[in-house]
Amino acid sequence: MSSKSYAQLGAGSLGDPVAKIDFGSGTTTHGPALPDNFPIDGSYITESATTGSISWNTRDHTGNSNSYMMAVNAAISKTDYFYRTTVTGACPGSAAFTATVDNSTSCLSKKVDFKDNSTQPAQIAAWSWDFGDGQVSHLSNPSYTYSAYGRYKVTLTVTYTDGCESTITKQVDVAPKILADFDVQSQSCPGQPVTLTDKSAVINGTIVQWIWSFGDGSTSETYPDNRMVTHIYTKSGNFVSALEVVSSTSCVSDVTYKAITVSPVDTPRFKLPDVCQADFVQFTDTTHFAGGSAGYTYLWNFGDAQSTAANPNTSALQNPQHHYSQAGIYTVSLTLTAPSGCSLTTSTPFTVNGTNPIADFSVAQPICASDSIILTNKSTIDFGNITRLEIYWDYDGAPTTKSVYNRSAKQIPANNQFKHLYNVPAGQISKPYHIRLVASSGNICGNTTDQNIVVNASPAITLTPLNSVCIESGPQQIAENKNGFTGTGTFSGPGVSATGLFDPQAAGIGIHTINYAFTSQNGCTYVDSLKISVYKSPAINLVSSATALEGGALTLNPKVAGDSLTYQWSPSAGVSDPNILDPVFSPKENTTYTLTATTRGGCTGAAQVAISVLKTPVIPNAFTPNSDGVNDTWDIKYLGAYPNATVDVFNRLGAKVYTSTGYAVPWNGKFNGKSLPFGVYYYVINPKSGRTAMTGSVTIIK
């Protein structure tokens, strides 16, 4: 044969070659020559006319240090062969291992116990573990804790004592013993239900609680079973739903999150006009598009069961028109579909009014210029509503001026009453006006009615206020000027009669509101009010008399009760300050003073005090009691003004010959009715009233 064939032996089937053997290819040492491509992996049969069939099989002989590769003559005997040779360099064993997730905890675990199960362990010199996450170990049976759950490719390489290496790789799944998991659609639309389907798993026990949250601020939901959960997101946005599960062994899973995108779609809005059956209805889209209206599509449904092909019930226009053949209440809807495919629909009841409104109104009487008139709308329609009112308040004087009230703008009040203020020129008692009312049930359906009214001038009465009065004042009349109007005015309030006579005593102290109402002969009225303040007059407590030494001073300490008082003493001579309550008095003569106190309201009170000025007594040093009518008594000037003065006279022996309290009657020089002899006598005079006693002598001359 021109070439030789080789077989490759390895650590496992079709492994890396550790030996090359030609099995004597091209020779006939033990039989016919083998083919050049012999052997390759598989089984072969060779035939010879003299030797019969020969079968060749490849086998893995690792684990046998004296491995053989052989060709066997199967047709002759088991011991016959074509070629046999010993293979050197093959590993004595092969790598193998097991991986066991740690079950010592009840909930979550990332710890894995690895056990070497390689053959011929006695001949292993070294171990090399690659845990598939970049970490390694050289222990024979390592335990390793992964930082995260997942699927890892773990490789073990064992090195035998002869230097031969054997390698094996296995897939190891590191998963929690309880795992929260679910399926949810990643895209949705506002207002549409989103379905969340549980896929959670548990190793120990069973799952007994599912806790769902939806990431949109809504309350989380807890269930005792793995039911299919639905949730509606009302707004667009990116949301994160979550699931947490609890097992019967009280094991709580990590929270699993899934993203949901709720595509935006704007809420349809549209304006419904006020129409009657004769109108063509113009529908107007008023949707506010947050991101613009590009890509949106419209679908209107007019709710018209009587629509035709020429007047269809639906439209894809943004602002379509439609004509209703009958008055009635319809449901109009607009569906907007966003570029994302999400859609929203808004439906609104819509009234198509009848075509025959009847205008009517009334005006409340009397009609006075000072008051707004009240016009009550009484217009009717055969079906639906009166949708617009036009009121010409002065159609003759201002035929183009009107007030317009639209039902769609909520300008027609529920009581159908409208107010207007008319004017009557000065000097006129009344003025006529022409009112026109146009009532409509749609754009082209209307009816008109007219009325003439007379607006009366309103009375204006002038009252003369009393302002402030004192409670001691008598009744006072409140004056009224009717300014030419004929009618009756009536007063009411505290202390006032119907004719306006005000009695402050009956009203009492305080501020009183007096009301006035006047009704003229034309029925128009005038009302007014005024305030009257009733003040209390001050009460003064002041002594009626007092005395003062000549050249001296005194205070009177008066007391006055009242509000915001001012004071005035008169006369002011001998008064330190006539405008204060308690000044210092230094009169030179006997004087009567008057204190006047005035309140804030002008009420006054007055009191008087008589101050007697006690002058220094003038004591004569002699008198002649001879009955000649001249100087017959000891006349001591000014001593009589001292009512409590004492006078004592002694002879030269110290005997008291005269005594007196007060000196109303002068001493006549007698003692016990008998004239005393002439001579010198001694006196002690005590005027009191603040003056010191005086002593001296007096001579009786005959």
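For clarity, every value in this text was computed on a predicted model and none was experimentally measured.

Reading the values: rules and limits
Residues numbered from 1 in each chain as written. Predicted model: local features only at pLDDT ≥ 70, side-chain atom pairs only at ≥ 80, totals over all residues. Heavy atoms only, no water. Pairing = 2+ DSSP bridges. Helix = DSSP H or I, 4+ residues; strand = E, 2+ residues; numbered from the N terminus. Axes fitted to C-alpha atoms, helices over the stretch in contact; angles between N-to-C directions. Disulfide = S-S within 2.5 Å. pLDDT = per-residue confidence, 0-100. Contact = heavy atoms within 4.5 Å. Phe/Tyr/Trp six-rings, centres within 6.5 Å; stacked < 30°, edge-to-face > 60°. Buried < 20%, exposed > 50% of the residue type's maximum accessible area, 1.4 Å probe, protein only. Lys NZ or Arg CZ within 6 Å of the ring centre and 35° of its normal. Core = buried A, V, L, I, M, F, W, Y, C linked by side-chain atoms within 4.5 Å. Salt bridge = Lys/Arg side-chain N within 4 Å of Asp/Glu carboxyl O. Patch = residues over 30% accessible without salt bridge, like charges linked within 9 Å, V, L, I, M, F, W, Y side chains within 5 Å. Areas by Shrake-Rupley, 256 points an atom, 1.4 Å probe, with all protein chains shown as cover. Polar contact = N/O pair within 3.5 Å; in protein donor to acceptor, adjacent residues only side chain to side chain.

Trainee: In this structure, what is going on with the sheet that holds strand β44 (residues 487-492)? I would like to understand it.
Mentor: Strand pairing in a sheet relies on backbone hydrogen bonds, with the paired strands running either antiparallel or parallel. Here we have four strands laid out as an open sheet, ordered β41-β47-β46-β44, and mixed in their pairing. Edge strands, defined here as strands with exactly one partner in the open sheet, are β41 (468-470) and β44. Across the sheet, the axes of successive neighbouring strands diverge by a mean angle of 25°, strand direction being ignored. Pairing geometry for β41 and strand β47 (residues 525-535), over three bridges, is parallel. Counted as the bridge partner of Cys470 is Tyr535 from β47.

Trainee: Mind showing me how you'd approach the state of the cysteines here?
Mentor: Think of a disulfide as a covalent bridge from one cysteine sulfur atom to another cysteine sulfur atom. Applying the stated criterion across every chain yields a total of four disulfides. Here Cys368 connects covalently by a disulfide to Cys524, the sulfurs 2.0 Å from one another. Classification of the bridge connecting Cys368 and Cys524 rests on its S-S torsion, roughly -100°, and on that basis the disulfide is left-handed. Pair noted here: Cys368 is in the loop between β33 (361-363) and β34 (373-377) and Cys524 is in the loop between β46 (510-520) and β47, with a separation of 156 residues, a long-range link.

Trainee: Can you walk me through the confidence of the model for the protein chain in this structure?
Mentor: Low-pLDDT portions of the prediction should not be read for the details of their coordinates. Confidence in the prediction for the protein chain averages 86 pLDDT; 86% of positions are at 70 or higher. At the level of individual helices and strands, the protein chain shows its lowest average pLDDT in strand β1 (residues 7-9), which scores 38, and its highest in strand β35 (residues 388-392), which scores 98. A low-confidence stretch, residues 1-21 (pLDDT under 50), is modelled with 58 contacts involving residues beyond four sequence positions or located in other chains.

Trainee: Help me understand the packing of aromatic side chains in this model?
Mentor: This model, assessed by the stated rule, comprises 27 aromatic pairs. Geometrically, the ring pair formed by Phe114 and Trp129 is tilted, given 5.5 Å between the ring centres and 45° between the ring planes. Note that Phe114 is positioned in strand β8 (residues 111-116) and Trp129 in strand β9 (residues 124-130), a separation of 15 residues in sequence. Across this residue pair, the class does not change: Phe114 and Trp129 are buried. Put simply, the rings of Phe97, Phe114, Trp129, Phe131, Tyr144, Tyr146 and Tyr152 pair up and form one aromatic cluster. One Lys or Arg, Lys170, reaches over the ring of Phe97 and ends 5.1 Å from the middle of that ring. Note that Arg436 overlies the ring of Tyr395, its terminal NZ or CZ placed 4.0 Å from the centroid.

Trainee: I'm lost on unusual backbone geometry in this one. Help?
Mentor: Across the chain, the bulk of peptide bonds are trans and the bulk of non-glycine residues have phi less than zero. With an omega of -5°, the peptide bond between Gln365 and Pro366 qualifies as cis. With respect to the secondary-structure elements, Pro366 resides in the loop between β33 and β34. The peptide bond linking Ser570 to Pro571 adopts the cis configuration, its omega dihedral lying at -5°. Its place among the elements puts Pro571 in the loop between β51 (566-570) and β52 (591-598). The phi torsion at Ser627 lies on the positive side, around 65°, for a residue other than glycine. For Ser627, the location among the structural elements is in the loop between β54 (622-623) and β55 (646-650). Under the relative-accessibility criterion, Ser627 is labelled exposed at 69%.

Trainee: How should I be thinking about the nonpolar core in this particular structure?
Mentor: In a soluble, globular protein the nonpolar side chains are often hidden away together inside. Among the nonpolar cores identified, the biggest contains 24 residues, and Ile435 and Ile453 are the most heavily contacted of them. Those elements that provide at least two residues to this core are β33, β34, β35, β38 (430-440) and β39 (446-456). Counting residues per element, this core draws most heavily on β38, which supplies four residues. Once residues within four sequence positions are removed from consideration, Ile435 is found in contact with Phe361, Val363, Ile373, Leu375, Ile391, Tyr392, Trp393, Tyr422, Thr449, Asp450, Gln451 and Ile453.

Trainee: Any chance you could explain the pattern of salt bridges here in plain terms?
Mentor: Here the idea is simple: oppositely charged side chains can pair when their charged atoms come close. Within this structure, the stated rule accounts for nine salt bridges. Asp183 is paired through a salt bridge with Lys199; the nearest N and O atoms lie 3.3 Å apart. With Asp183 in strand β15 (residues 182-184) and Lys199 in the loop between β17 (193-198) and β18 (201-202), this pair connects stretches of sequence that are 16 residues apart. Looking at Asp183, the relative accessible area reads 37%, which means it is partly exposed. Note on Lys199: relative accessible area 42%, which makes it partly exposed.

Trainee: Explanation requested: the sheet that holds strand β53 (residues 604-614) in the structure shown.
Mentor: Spatially, the four strands line up as an open sheet ordered β49-β53-β52-β51, and their pairing is mixed. The open sheet has two edge strands, β49 (545-549) and β51, and neither has a second partner. Going from strand to strand, the sheet's axes swing by 25° on average, the running direction of each strand aside. As paired elements, β52 and β53 share eight bridges and run antiparallel to each other. Each residue of the ladder has a partner; that of Ala597, found in β53, is Gly605.

Trainee: Where do I start with a nonpolar patch on the surface in this structure?
Mentor: On the surface, a nonpolar cluster with roughly 270 Å² of combined accessible area is contributed by Val240, Val255 and Tyr257. With relative accessibility at 54%, the residue Tyr257 sits in the exposed group.

Trainee: What's the story with the environment of Gly654 in this structure? I'm lost.
Mentor: Position of Gly654 among the secondary structure elements: in the loop between β55 and β56 (656-661). C-alpha separation for the pair Gly654 and Tyr681, spaced 27 residues apart in sequence, amounts to 9.2 Å.

Trainee: Explain the pairing of strand β32 (residues 343-353) to me, please; I cannot follow it from the model alone.
Mentor: Taken residue by residue, a regular strand's side chains alternate between the two faces of the sheet. With two bridges connecting them, strand β25 (residues 275-276) and β32 associate as parallel partners. Bridged to Val275 within β32 is Val352. Alignment of strand β31 (residues 328-337) against β32, held across ten bridges, turns out to be antiparallel. The partner of Leu336 across the bridge, within β32, is Leu344. Remark: five residues form the turn of the hairpin made by β31 and β32, two consecutive strands paired antiparallel; Gly341 in that turn has positive phi of roughly 95°.

Trainee: What's the story with the environment of Asn651 in this structure? I'm lost.
Mentor: On the secondary structure map, Asn651 appears in the loop between β55 and β56. Note: C-alpha distance between Asn651 and Val680 (29 residues apart in sequence) is 7.3 Å. Beyond its immediate chain neighbours, meaning those up to four positions away, Asn651 contacts Val657, Tyr681 and Tyr682. At a separation of 2.9 Å, a polar atom in the side chain of Asn651 contacts the main-chain amide nitrogen of Leu653.

Trainee: Just to check I follow, could you spell out the side chain of Thr387 for this structure?
Mentor: By the secondary structure assignment, Thr387 is in the loop between β34 and β35. Given the relative accessible area of 2%, Thr387 is considered buried. Sequence-distant contacts of Thr387, that is, excluding residues within four places in its chain, are made with Asp274, Asn353, Tyr405, Asn406, Arg407, Ile412, Ser440, Ser441 and Gly442.

Trainee: Would you take a moment to explain the side chain of Ser333 for this structure?
Mentor: Note that Ser333 resides in strand β31. For Ser333, a relative accessible area of 13% corresponds to the buried category. Non-local contacts of Ser333, meaning those with residues more than four positions away in its chain, are made with Leu299, Trp300, Asn301, Thr345, Thr346 and Ser347.

Trainee: I would appreciate a short explanation of the pairing of strand β19 (residues 207-213) in the present structure.
Mentor: Summarising the sheet, β19 and strand β22 (residues 237-247) pair through six bridges and their orientation is antiparallel. Bridge pairing in β22 links Ile211 to Glu244. Here β19 pairs with strand β20 (residues 221-223) via three bridges, running antiparallel. Bridge pairing in β20 places Trp210 opposite Tyr223.

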